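Listed below, chain by chain, are the residues.
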Amino acid sequence: MTDRVYLDWNATTPLRPEARSAMAAAWDFAGNPSSVHAEGRHARRLIEDARAAVATAVGGPSRNVVFTSSGTEANALALSPGVHKAAGQPVQRLLISTIEHASVLAGGRFTPDAMSKIPVTPSGVVDLTGLRASLATGGPALVSIMAANNETGALQPIREAAEIVHEAGGLLHVDAIQAFGKISFNINELMADLVTLSAHKIGGPKGVGALVLADGLSGVEPLLRGGGQERGRRAGTENVAGIVGFGAAVSAAMTGLGTDRERVYSLRNRLETGLRQTAGMIIFSADAQRLPNTTLFTIPGLRAETAVIGFDLEGIAVSSGSACSSGKVQPSHVLEGMGFGPNLAQGAVRLSLGWSTTEADIESCLQAWRKLARTLIKGSDETQLERF
């Protein structure tokens, strides 16, 4: 499938060569990282090196990095009633924005009656006035706001939100899974209390995630109990090769962060310039700060499922938004949360780029769209399309 164009990087990324090599080397060692013999100590060292790489990348201490099986598990672990700082009260309720990932919308271990939602603007950015209002009533809250939306790419005002949350005596969880590796992210500069990450979004293997805690945080209860691994926060023998691959991918991503970001941003702008040649084109969150690699678009009458299949038949891999619904194409809850009706919410197509995306890939995508647009727009005629 080497002749295909992959533009679904927000769903998952190709495995980086650095991660593949590191994992292959790790598979040659048989030691259990909890064993005290030389083989076990070697496995432990591999894990701790990866932990240090993750910690350095987000600006947190290594001791506060907890490896999990996925970003979803990391989110569930983070959303723990009773979490608190040493001098603070345990959180009693959960506030989440309407555009969060499904694993956050599920609420972790909070009961539905302890959860409420924070509105967002039509640009897909958290409404800070709404956040203040939500915090003004009720006890201490854990607030969950993603750093960047996985569908629109809209960046969220994390630092401003953190100041509001902390002033109200609450804590802030940041799902940084889409932002990490694409833009700079520092847990201290953004004043986040809990941060979640995923390996396969930055060129690491699938099946590895991490929760990073700020210093002085207590009360995060483990989802899995047993052997006491990960400082008692996540029981079970560690996935040594997966964690090693995560660490290698993090190091590679941080090395190329600046150059990759600028190059991809330029390609994304070229892509959107081409898309805007179509009459009625809507690019969501275009007036907000966004990830440099993400475009979510539609035109009236477009059906996302048909468009995704059409792109696929042209050799272009795209998606209709989040890839976490077992292949189902449903109206976007993100767009509905932004105030768009079902006609637009069910027709959005996401294009997401990565470090190996080329100018030729962008041109192939635009050529495919020009061909598809004529047949995908209901009732289209020559007056509906420009310069095709």
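Residues numbered from 1 in each chain as written. Predicted model: local features only at pLDDT ≥ 70, side-chain atom pairs only at ≥ 80, totals over all residues. Heavy atoms only, no water.

> Account for the pairing of strand β9 (residues 209-213), naming residues and giving values.
Within β9, five of the five residues are buried, which leaves it mostly tucked inside the rest of the structure. Alternating positions in β9 separate into two faces, G209, L211 and L213 on one and A210 and V212 on the other, with burial throughout. Strand direction decides the pairing type here: strand β8 (residues 194-198) and β9, joined by five bridges, are antiparallel. Its bridge partner lying in β9, T196 is registered against L211. (Buried < 20%, exposed > 50% of the residue type's maximum accessible area, 1.4 Å probe, protein only. Helix = DSSP H or I, 4+ residues; strand = E, 2+ residues; numbered from the N terminus. Pairing = 2+ DSSP bridges.)

> Give a description of the sheet that holds strand β12 (residues 294-298) that names residues and reports values.
Overall, antiparallel pairing links the three strands, which are arranged β11-β12-β14 in an open sheet. Each of the sheet's edge strands pairs with one partner strand only, and the pair in question is β11 (282-283) and β14 (349-352). As paired elements, β11 and β12 share two bridges and run antiparallel to each other. Pairing of I283 across the sheet is with F297, part of β12.

> Tell me about the sheet that holds strand β5 (residues 115-118), and please be specific about residues and values.
Picture the strands of a sheet paired through backbone hydrogen bonds; they go either parallel or antiparallel. Taken in spatial order, the seven strands of this open sheet run β2-β9-β8-β7-β6-β4-β5, and their pairing is mixed. Only two strands of the sheet have a single partner each, and these edge strands are β2 (65-68) and β5. Put simply, the sheet's adjacent strands are angled 20° from each other on average, direction ignored. One ladder, built from three bridges, connects strand β7 (residues 171-175) with β8; its direction is parallel. Across the sheet, residue D175 finds its bridge partner in β8, namely T196. Its contacts with the sheet place helix α5 (residues 128-136) against β4 (93-97), β5 and β6 (141-144), and it is angled at close to 170° to β4. Packed onto the sheet, helix α6 (residues 158-167) meets β6 and β7 and runs at close to 155° relative to β7. (Axes fitted to C-alpha atoms, helices over the stretch in contact; angles between N-to-C directions. Contact = heavy atoms within 4.5 Å.)

> Got a sec to walk through the confidence of the model for the protein chain? Specific residues and values, please.
In this model, the protein chain carries a mean pLDDT of 92, and residues with pLDDT of at least 70 account for 94%. Confidence drops under a pLDDT of 50 for residues 379-388, and excluding neighbours within four residues, the segment shows 20 contacts in the predicted structure. (pLDDT = per-residue confidence, 0-100.)

> How would you sum up the environment of E336? Please name residues and give values.
Along the chain, E336 falls in helix α10 (residues 333-337). The partly exposed category is assigned to E336, whose relative accessible area is 40%. In contact with E336, not counting residues within four places along its chain, are P331 and A345.

> Let's hear about the environment of E221: which residues, and what values?
Considering the arrangement of structural elements, one finds E221 in the loop between β10 (217-218) and α7 (240-255). Overall, E221 belongs to the partly exposed group, its relative accessible area being 36%. Sequence separation between E221 and L77 is 144 residues; the distance between their C-alpha atoms is 7.3 Å. With residues near it in sequence (within four places) discarded, E221 still touches L77, S80 and R109.

> Residues and numbers for α6, please.
Along α6, the residues classified as buried are I158, A161, A162, I164 and V165. Projected down its long axis, α6 carries its buried residues within an arc of 165°, all on one side. Packing partners of the buried residues in α6 comprise α5, β6 and β7. Phi for G169, located one or two positions after α6, is positive at around 85°. (Arc of directions from axis to C-beta.)

> How would you sum up the pattern of salt bridges? Please name residues and give values.
Under the criterion given, the structure shown has 19 salt bridges. The closest approach of N and O atoms between E238 and R44, which form a salt bridge, is 3.1 Å. One end of the pair, E238, is in the loop between β10 and α7; the other, R44, is in helix α2 (residues 38-58), with 194 residues separating them in the sequence. Between D215 and R63 there is a salt bridge, with its nearest N and O atoms 3.0 Å apart. Of the two residues, D215 is situated in the loop between β9 and β10 and R63 in the loop between α2 and β2; the sequence distance between them amounts to 152 residues. Note on R63: relative accessible area 42%, which makes it partly exposed. Several salt bridges share partner residues, and in doing so they unite R44, E48, R51, E230 and E238 into one network. (Salt bridge = Lys/Arg side-chain N within 4 Å of Asp/Glu carboxyl O.)

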